[in-house]
Amino acid sequence: MEQKNTVLIDNQVVELNGEKNILELTRKIGIELPTFCYHSELSLYGACRMCVVEIEGRGIMASCSTPPTPGMKILTNSPRVQRVRRTVLELLLANHERECTTCDRNGSCKLQELANRFGVKKIRFGERDIKLPLDQSSPSIVRDPNKCILCGDCVRMCSEVQGIGALDFTGRGSKATVAPAFNKQLSEVECVNCGQCSAVCPTGALVVKDETDKAWAAINNPEKMVVVQVAPAVRVALGEEFGLPAGEIVTGKVVSALKRLGFDKVFDTCITADLTVIEETNEFISRLQQGEKLPQFTSCCPAWVKFAEHNEAEFLKNLSSCRSPQQMFGSLIKKHWAADLGKKPEDIIVVSIMPCTAKKFEASLPHFSTDGVQDVDLVLTTQELARMIREAGLVFEQLDIESFDTPFGFTSGAGVLFGATGGVAEAVLRAAHEFVTGEPIDQINFEEVRGFKHLKEAKVEIAGQEIKVAVVHGLGNAKALLNKIKEGKADYHIIEVMACPGGCIGGAGQPISPSMETKKKRAKGIYNADKLSQLRKSQDNPVVTKFYDQWLEKPNSEQAHEALHTAYANRGRIIGEDIQLLTSKQPDKVDIAVCVGTCCYLKGSYDTLKKFMTQADEAKVREKINLHATFCLEGCEQSPSIKVNNEIINGVTPDQAETVFKEKILTKLKED
Amino acid sequence: MKQEVLTEAMEGDRSIVYQRKFEKVNEIINRLGKSRSALIPILQEVQEEYRYLPEEILTYIAMAMGLAPASVFGVATFYAQFSLEPKGKYVIKICDGTACHVRGSDPVKEAIKKRVNLTGNKKTTEDLRYTVETVSCLGACGLAPVVMINDQIYGQMTPEAINVILDQLEKGEAEDE
Ligand code: SF4
Ligand code: SF4
Ligand code: FES
């Protein structure tokens with residue numbers, strides 16, 4: 001028989017075109033095999049066994065991890081396949097808490113969907129009797145290990161796409177779970193709250209924290225004025241929750257829905273995105289002129305900021321000091337707008353509607369407050385807004401179209417761009433040339449920074465100088481770029497980083513959708529909204545100009561810094577115990593902590609530590625010293641850091657160790 | 001008074017031990033290298049030093065090797081050979097494989113637990129002297145029931161025999177000091 005480049009799927013001849021696995025091939029001919037652990041953006045895992053097919057001569061195989069070879073005879077729905085699939089589902093369900101009615105993912109759960117699709121009506125096995133505790137420590141996501149089916153999607157998302165690895169498998173066999181290091185809470189480890197793990201979780205094991213109750217309470221509180229801001233990415237995705245196509249711009253309906261839900265004022269975050277562009281561009285120009293702190297990184301993604309605070313101490317000074325548009329908004333409302341209305345910050349509740357789970361974390365940071373009141377009181381995701389609309393019984397399609405309230409409702413197209421990867425960079429490019437030369441730039445669209453490539457680059461000439469721009473999305477891509485910069489293999493002037501693949505339109509708070517296609521459509525919606533705007537550049541927004549006149553004086557002024565900027569601090573990777581080396585019981589002991597966190601370790605802090613031990617022996621003061629190795633003293637820029645009693649001393653390299661020991665430690669012992 | 005002096009001396013000793021172990025950890029990492037494939041051998045050697053894998057040492061290993069702490073924890077919990085709980089100076093393994101079971105490993109286990117004062121599910125004594133575990137097969141079924149104390153195998157155990165062995169162990173220890 002002649003060996004053709006074909007296989008037989010359910011008796012149909014199918015040609016091979018370099019498909020990597022049988023699953024891809026079946027999808028091409030219109031068969032949707034069920035999967036849990038297969039995601040085109042993640043590595044192959046082949047653990048869930050949902051995608052099985054029967055191959056003649058080889059038996060039951062996982063289609064996602066079996067490459068098709070010419071001549072194969074494949075059955076996708078044979079009685080054996082059906083039986084295996086059902087058993088797999090039954091076994092998964094036996095090990096899974098089955099409280100569907102109260103689950104956040106009721107209706108969007110893949111396990112539920114497949115059990116229904118394959119007619120699992122009865123589970124022959126008992127229920128699991130152990131109940132593991134919920135992890136509600138994170139402001140952004142809730143982890144319920146009882147609903148985990150161990151598909152590992154979140155594990156791979158966090159390590160492969162985000163370059164973090166906050167979650168991993170622990171234990172094995174019936175005791176296997178997915179958890180943070182040492183079974184700690186998510187808030188105690190290096191999780192950046194991006195929520196991407198919850199976006200790929202097929203069940204309710206990782207979900208976005210639902211805070212709709214707090215929103216209802218605010219709305220129903222007669223003493224408070226409730227103001228809501230809507231982020232750019234929400235308007236091109238919310239429609240999906242109500243059966244509209246992805247990318248359809250539903251801004252007017254969102255405004256109308258929010259008004260009918262009872263919010264007093266409905267504003268647009270794009271206006272503070274415009275403000276961000278002006279502040280950030282001016283900041284960039286002054287750094288460029290002084291030739292310092294370049295490249296400048298964007299700072300509007302709180303997941304990226306937290307990532308940098310955990311892992312990239314040496315780049316923290318390079319982050320723009322601008323707060324995110326969400327926080328600029330909250331700050332202006334509480335500091336200035338409230339005062340103009342004769343109100344106190346606590347009289348107004350600021351709610352945000354965001355595509356983002358990390359924004360929940362950001363809003364809770366203590367320094368984003370005015371007179372002890374948080375600038376943003378509550379952050380709801382697009383998903384949560386959809387839930388409120390449903391609960392209120394509003395028929396989305398029938399809602400009127402309304403416009404945002406003034407003054408925080410008038411925005412430019414550049415502000416809308418913040419929703420997609422590359423958008424902030426493009427908005428800044430629309431402004432930078434004009435700010436330097438005084439002449440507006442002819443070019444408005446910067447196609448090079450649009451799209452979904454992992455790394456996008458552009459070069460723009462401003463007053464004779466070539467400005468190199470880079471855009472990355474997905475923290476794994478950011479990490480790779482930073483490594484290149486550290487090795488001297490790349491250099492840029494300005495870099496935009498968004499944690500979520502695709503930018504905020506792909507945020508974990510958006511309607512759940514695993515497909516890249518959906519994200520592309522949402523991005524298209526963003527660019528359409530920009531095109532339809534009357535004004536395309538942030539600097540043309542007359543309301544923003546008015547804000548400067550009224551409240552902020554001029555870009556980067558003292559007032560602007562007070563209301564719109566912030567500072568960053570290192571964070572340790574993980575919260576835990578120190579390593580005890582010398583323990584003194586004496587009351588007049590000196591306490592020395594030597595940091596062995598990543599930065600300090602790389603700069604030789606272990607040798608510093610060793611020198612201290614030798615010194616302690618030589619000076620015969622071992623009993624008077626409490627010496628321990630700790631994991632972050634938050635002085636990473638000038639590592640290695642040590643702490644003597646309560647004083648932090650930076651830059652204690654091994655060469656310095658002896659001097660520091662004599663001058664800072666021995667003298668203390670003598671004092672007493 | 002005497003008590004006081006003793007604890008201070010012990011604290012001093014303990015510091016030396018801590019320091020030596022930590023130096024050993026660094027020596028192990030430097031010797032075996034920082035590639036991911038070195039992780040298991042590193043954990044094995046570090047466990048030999050501490051008799052278990054303390055959390056802070058695992059974090060340190062993760063930092064030093066540039067790995068996520070969660071993935072080091074994942075490896076440490078996957079293999080039964082690793083313990084994240086402190087173990088006693090004497091690790092007593094009682095075989096409860098089929099051969100040992102039918103020949104009376106249970107009474108032996110009870111006798112040991114009673115002697116070292118372990119109740120319920122606790123495996124290690126408060127003073128970190130003894131850890132008592134059951135294992136499925138030590139591969140010495142001909143000698144059933146078998147008990148292993150640290151690296152030493154004892155065959156054909158009875159409650160009386162194990163008590164004699166523990167007596168000797170304790171006596172030897174007292175003489176050493
Ligand atoms: S929220 Fe992001 S960083 Fe945190 S565990 Fe999930 S994927 Fe990882
Ligand atoms: S990319 Fe956007 S949605 Fe994702 S974490 Fe950052 S700010 Fe939030
Ligand atoms: S999708 Fe193939 S094994 Fe999970």
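Treat the numbers as computed from the prediction; the structure is a model and nothing was measured.

A. Local environment of the domain arrangement of chain A. Residue and element names in this part refer to chain A. Each domain of chain A was delimited in the assignment, giving domain 1 (6-77), domain 2 (91-208), domain 3 (215-564) and domain 4 (577-671). Distance between the C-alpha centres of domain 1 and domain 2: 26 Å. Listed as interface residues are 13 residues of domain 1 and, on the opposing side, 17 residues of domain 2. Approximately 1,200 Å² of surface area, both sides summed, lies buried where domain 1 meets domain 2, with 63% of it carried by carbon and sulfur atoms. The three residues of domain 1 that bury the most area against domain 2 are Phe36, Leu42 and Tyr45, which together make up 50% of that side's buried surface. The tally of links between domain 1 and domain 2 comes to zero salt bridges. In this assembly, domain 1 and domain 2 are joined by six residue pairs in polar contact (both at pLDDT 80 or more).

B. Up close: the sheet that holds strand 18 (residues 465-473) of chain A. All names here are of chain A. Strand order in the open sheet formed by four strands is 12-19-18-17, and the pairing between neighbours is mixed. In the strand order of this sheet, the two ends are held by strand 12 (296-297) and strand 17 (455-462), each with one partner. Bridge analysis of strand 17 against strand 18 gives eight bridges, and the strand direction is antiparallel. In the strand pairing of strand 18, glutamate 457 is matched with alanine 470.

C. Focus on the site of ligand 2. Close contacts around ligand 2 come from Cys301, Pro302, Ala303, Cys356, Ala358, Lys359, Met498, Ala499, Cys500, Cys504 and Gly507 of chain A, and that covers them all. Counting residues per element, the ones that place at least two in the shell around ligand 2 are helix 9 (302-311) and helix 11 (358-363) of chain A.

D. Representation of the site of ligand 1 in the model. In the neighbourhood of ligand 1, the contacting residues comprise Ile141, Cys158, Ile164, Ala166, Leu167, Cys191, Val192, Asn193, Cys194, Gly195 and Cys197 of chain A. Class assignment of the residues belonging to the shell around ligand 1 gives a composition of nine nonpolar, two polar and no charged.

E. Representation of the pairing of strand 21 (residues 590-595) of chain A in the model. Residue and element names in this part refer to chain A. Burial runs high along strand 21: five of the six residues are buried. In terms of strand pairing, strand 21 meets strand 22 (residues 625-630) through six bridges, oriented parallel. Residue pairing in the sheet places isoleucine 592 in a bridge with leucine 627 of strand 22. Examined bridge by bridge, strand 21 and strand 23 (residues 642-644) share three bridges and lie antiparallel to one another. Residue pairing across strands places valine 594 opposite isoleucine 642, the latter belonging to strand 23.

F. The environment of cysteine 595 of chain A, seen in detail. Residues and elements named next belong to chain A. Residue position: cysteine 595 is located in strand 21. By relative accessible area, which is 2% here, cysteine 595 ends up buried. The spacing of cysteine 595 and tyrosine 606 is eleven residues in sequence and 8.5 Å in space, taken between C-alpha atoms. Apart from the residues within four sequence positions on either side, cysteine 595 is in contact with Cys600, Ser605, Thr630, Phe631, Cys632, Leu633 and Ser641.

The rules behind each value
Residues numbered from 1 in each chain as written. Chains lettered and ligands numbered in written order. Predicted model: local features only at pLDDT ≥ 70, side-chain atom pairs only at ≥ 80, totals over all residues. Heavy atoms only, no water. Domains from an automatic or database assignment. Contact = heavy atoms within 4.5 Å. Buried area = accessible area lost by both parts, 1.4 Å probe. Salt bridge = Lys/Arg side-chain N within 4 Å of Asp/Glu carboxyl O. Polar contact = N/O pair within 3.5 Å; in protein donor to acceptor, adjacent residues only side chain to side chain. Pairing = 2+ DSSP bridges. Helix = DSSP H or I, 4+ residues; strand = E, 2+ residues; numbered from the N terminus. Near = heavy atom within 4 Å. Nonpolar A, V, L, I, M, F, W, Y, C, P; charged D, E, K, R; others polar. Buried < 20%, exposed > 50% of the residue type's maximum accessible area, 1.4 Å probe, protein only.

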